[in-house]
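Remarks on the overall topology
Next come the chains, spelled out residue by residue.
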Amino acid sequence: GETIHGHKFFTGFGGKGANQCVQAARLGARTSIICKVGSDSFGNDYIENFKRNGIPTVNISFEYTESFFLGQNVIVIVAGANLLLDSEDLKKANHIICKAKVMVCQLEITPATSLEALKMAHANGVKTLFNPAPALADLDPQFYTHSDIFCCNETEAEIITGIPVGNPEDAGKVGLTLLERGCKLVIVTLGAEGCVLVSVDERIPKHVPTGKVAAVDTTGAGDSFVGALAFYLAYYPHLSMEEVIKKSNFIASVSVQASGTQTSFPKRKDLPQDLF
Ligand SMILES: Nc1ncnc2c1ncn2[C@@H]1O[C@H](COP(=O)(O)OP(=O)(O)OP(=O)(O)O)[C@@H](O)[C@H]1O
Ligand SMILES: [K+]
């Protein structure tokens, strides 16, 4: 009910899926993204951004709808074109999904489409990494059983399980609850505290802390983490999960030291080479 003066304006590319894909690509992964964009100037810029990040842009379908993102600690998602991604589109992308080493899904498309993609990947032996964001309280239980790795932040963990998360101990409780629901491996990210890992093989929750850094803007940290996780799972399958998480923590901790989301995601050439 009030018109206020702003002090800064910027636009940035986003969507969790795109952010995660860009982070994995910047670490050196060969990536594909299955999505829709609007047939407008935003859509065109969006495609250009993928190209600049070395992400192939074949089979992009355009729809006449738009997505808007508003910033300042609040992110409002008006899902547009991506909500039109459906079963038919997945069938067309079947060959891409089935030959992947790792597939990452989120909930910024219709949940049923996300679930179908997870099932397709799972049935073909592709490792599935599911990031239940934005979270849904009544998540279809099949998401638990079709995700090899279920990775959520504190807020998502609370919405999904009803357990408020403020420390690694709470995160451990979330992990155990999700194992009971059928998950095989759960990672709860805890911002500056790093993550907690629980799995069916190792039911004692493991806190994997991250190094102290001077954070300037934490937006996008979760996506940087998930993108890095996907990269390491695909390219370093023999590393222990703890080692994969330590490295992903490090990548995400670099992202919090710069502003914006994708603008803050580090590239392989600028990182310590012992990460690779
Ligand atoms: N202040 C910080 N210092 C160091 N690392 C951080 C910090 N904040 C986040 N990280 C890293 O990023 C990961 C994800 O952060 P977080 O749990 O805040 O995700 P998120 O809430 O989804 O982030 P966002 O919504 O801001 O993108 C953490 O597990 C950690 O590795
Ligand atoms: K950032």
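Quick note: structure is the one above.
Everything in this summary refers to the structure shown in the same document. Keep in mind that what you see is a predicted model, and the values were worked out from it rather than measured. (Residues numbered from 1 in each chain as written. Chains lettered and ligands numbered in written order. Predicted model: local features only at pLDDT ≥ 70, side-chain atom pairs only at ≥ 80, totals over all residues. Heavy atoms only, no water.)

**Here's the deal with the overall build of the protein chain**
- A tally of regular secondary structure across the protein chain gives 10 helices and 10 strands.
- For a compact globule of 276 residues, the expected C-alpha radius of gyration is about 19 Å, and the protein chain comes in at 18 Å, within 12% of that figure.
- A principal-axis box enclosing the C-alpha atoms of the protein chain has dimensions of 50 × 45 × 45 Å.
- Taking all 276 residues of the protein chain together, 46% fall into the buried category.
- Intrachain contacts of the protein chain at a sequence separation of at least 6 include 59% that bridge at least 24 residues.
- Within the structure as shown, the protein chain displays about 14,300 Å² of accessible surface, and the carbon and sulfur contribution to it stands at 55%.
- When the 24 basic and 29 acidic side-chain charges of the protein chain are each reduced to a single mean position, those positions are 8 Å apart. (Helix = DSSP H or I, 4+ residues; strand = E, 2+ residues; numbered from the N terminus. Rg over C-alpha atoms; globule rule 2.2 N^0.38 Å. Buried < 20%, exposed > 50% of the residue type's maximum accessible area, 1.4 Å probe, protein only. Contact = heavy atoms within 4.5 Å. Areas by Shrake-Rupley, 256 points an atom, 1.4 Å probe, with all protein chains shown as cover. Lys, Arg positive; Asp, Glu negative; His and termini not counted. Charge placed at Lys NZ, Arg CZ, Asp CG, Glu CD.)

**Things to note about the site of ligand 1**
- The environment of ligand 1 is made up of 19 residues, and the closest members are Thr 189, Gly 191, Gly 194, Thr 218 and Asn 249.
- Note that an oxygen atom of ligand 1 is positioned 3.1 Å from one of the backbone N or O atoms of Gly 222.
- When isolated, ligand 1 has an accessible area of 620 Å², and the protein chains bury 82% of it.
- The set of elements that each furnish at least two residues to the shell around ligand 1 consists of helix H9 (221-235) and helix H10 (241-255).
- Top element by residues in the shell around ligand 1 is H10. It accounts for three residues.
- Within the shell around ligand 1, the residues separate by chemical class into eight nonpolar, 11 polar and no charged. (Near = heavy atom within 4 Å. Polar contact = N/O pair within 3.5 Å; in protein donor to acceptor, adjacent residues only side chain to side chain. Nonpolar A, V, L, I, M, F, W, Y, C, P; charged D, E, K, R; others polar.)

**Examining the nonpolar core**
- Among the nonpolar cores identified, the biggest contains 32 residues, and Met 103, Phe 130, Leu 139, Phe 150, Leu 178 and Val 188 are the most heavily contacted of them.
- Looking at this core, the elements that each hand over two or more residues are strand S5 (102-105), helix H5 (111-123), helix H6 (142-145), strand S7 (149-153), helix H7 (154-161), helix H8 (168-180), strand S8 (185-189) and strand S9 (195-199).
- Sort the elements by how many residues they give to this core and H5 lands first, with five residues.
- Among residues more than four places away in sequence, those in contact with Leu 139 are Leu 107, Phe 130, Pro 132, Tyr 144, Phe 150 and Ile 160.
- Formed by 28 residues, the second largest nonpolar core is a distinct cluster that contains Leu 185, Val 226, Ala 234 and Met 241. (Core = buried A, V, L, I, M, F, W, Y, C linked by side-chain atoms within 4.5 Å.)

**Structural notes on the pairing of S5**
- Here S5 pairs with strand S6 (residues 127-130) via four bridges, running parallel. Along S6, the bridge assignment pairs Cys 105 with Phe 130.
- Traced from S5 through H5 to S6, the parallel crossover comes out right-handed. (Pairing = 2+ DSSP bridges. Right-handed = clockwise from strand over helix to strand, strands pointing away.)

**Observations regarding the coordination of the potassium ion (ligand 2)**
- Protein coordination at the potassium ion (ligand 2): the donors are Asp 217 (O), Thr 219 (O), Ser 255 (O), Ala 258 (O), Gly 260 (O) and Ser 264 (OG), at 2.7 to 3.0 Å from the metal.
- In this structure, the potassium ion (ligand 2) is surrounded by six donor atoms whose angles at the metal cover 68 to 161 degrees, and the resulting shape is irregular.
- In primary-sequence terms, the residues that donate to the potassium ion (ligand 2) follow D-x1-T-x35-S-x2-A-x1-G-x3-S. Of this pair, Asp 217 sits in the loop between strand S10 (206-208) and H9 while Ser 264 sits in the segment after H10, and the two are 47 residues apart along the sequence. The exposure classification of Asp 217 matches that of Ser 264, with both residues buried. (Donors = N, O, S within 2.8 Å, 3.2 Å for Na, K, Ca; no water. Tetrahedral: all angles 85-135°; square planar, octahedral: opposite > 155°, others 65-115°.)

**A look at H8**
- In this model, H8 (13 residues) spans 19 Å end to end at C-alpha, consistent with the 18 Å of a helix rising 1.5 Å per residue.
- Those residues of H8 lying buried are Asp 170, Ala 171, Gly 172, Val 174, Gly 175, Thr 177, Leu 178 and Leu 179.
- By the N-cap criterion, in which a side-chain oxygen at the helix start approaches the backbone nitrogen of a residue two or three places on, H8 is capped by Asn 167, the distance to Glu 169 being 3.1 Å.
- Positive phi shows up at Gly 182, right after H8, with a value of about 115 degrees. (Expected span 1.5 Å × (residues − 1).)

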